[in-house]
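Residues per chain, in single letters:
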Amino acid sequence: MNTQSRIPKLNDVSFDGALLWFSEMKCRDLHFHPDDDPATLEKISDGTPSFTALEIEEVRFIIDELDAGIGHDQVIEAAYPIAMHAMGIMLDA
């Protein structure tokens, strides 16, 4: 049984820290929309949960920490370019 978390550490509670964290989540194929509860997310390929119970708590904690530190709107703004890139949509600089 694998009990090691796949969730990267949040290095800084800032917009850049959030951007880096969402980018690392995407690199690990764990990207999601910050408005979604990680407990409800499933892998499209087989319907299994995307996150373990430990990972769910870690993701919730990080999102709550970012919300408190930079505000929810900024968390969404940090996640946005990562999500667009994951869908193959390139944004202007």
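So, a few notes on the structure that sits alongside this text. Since the model is a prediction, treat every value here as computed from it, not as a measurement.

### Overview of the pattern of salt bridges
Tallied over the full model, the rule gives 5 salt bridges. Between Glu-58 and Lys-9 there is a salt bridge, with the nearest N and O atoms lying 3.8 Å from each other. Of the two residues, Glu-58 is situated in helix H2 (residues 53–70) and Lys-9 in the segment before helix H1 (15–27); the sequence distance between them amounts to 49 residues. Looking at Glu-58, the relative accessible area reads 18%, which means it is buried. One salt bridge connects Arg-28 with Glu-24, and the closest N-O pair in it is separated by 2.7 Å. Given the relative accessible area of 30%, Glu-24 is considered partly exposed. What emerges from the salt-bridge pattern is a single network uniting Asp-37, Glu-57 and Arg-60.

The rules behind the values
Residues numbered from 1 in each chain as written. Predicted model: local features only at pLDDT ≥ 70, side-chain atom pairs only at ≥ 80, totals over all residues. Heavy atoms only, no water. Salt bridge = Lys/Arg side-chain N within 4 Å of Asp/Glu carboxyl O. Helix = DSSP H or I, 4+ residues; strand = E, 2+ residues; numbered from the N terminus. Buried < 20%, exposed > 50% of the residue type's maximum accessible area, 1.4 Å probe, protein only.

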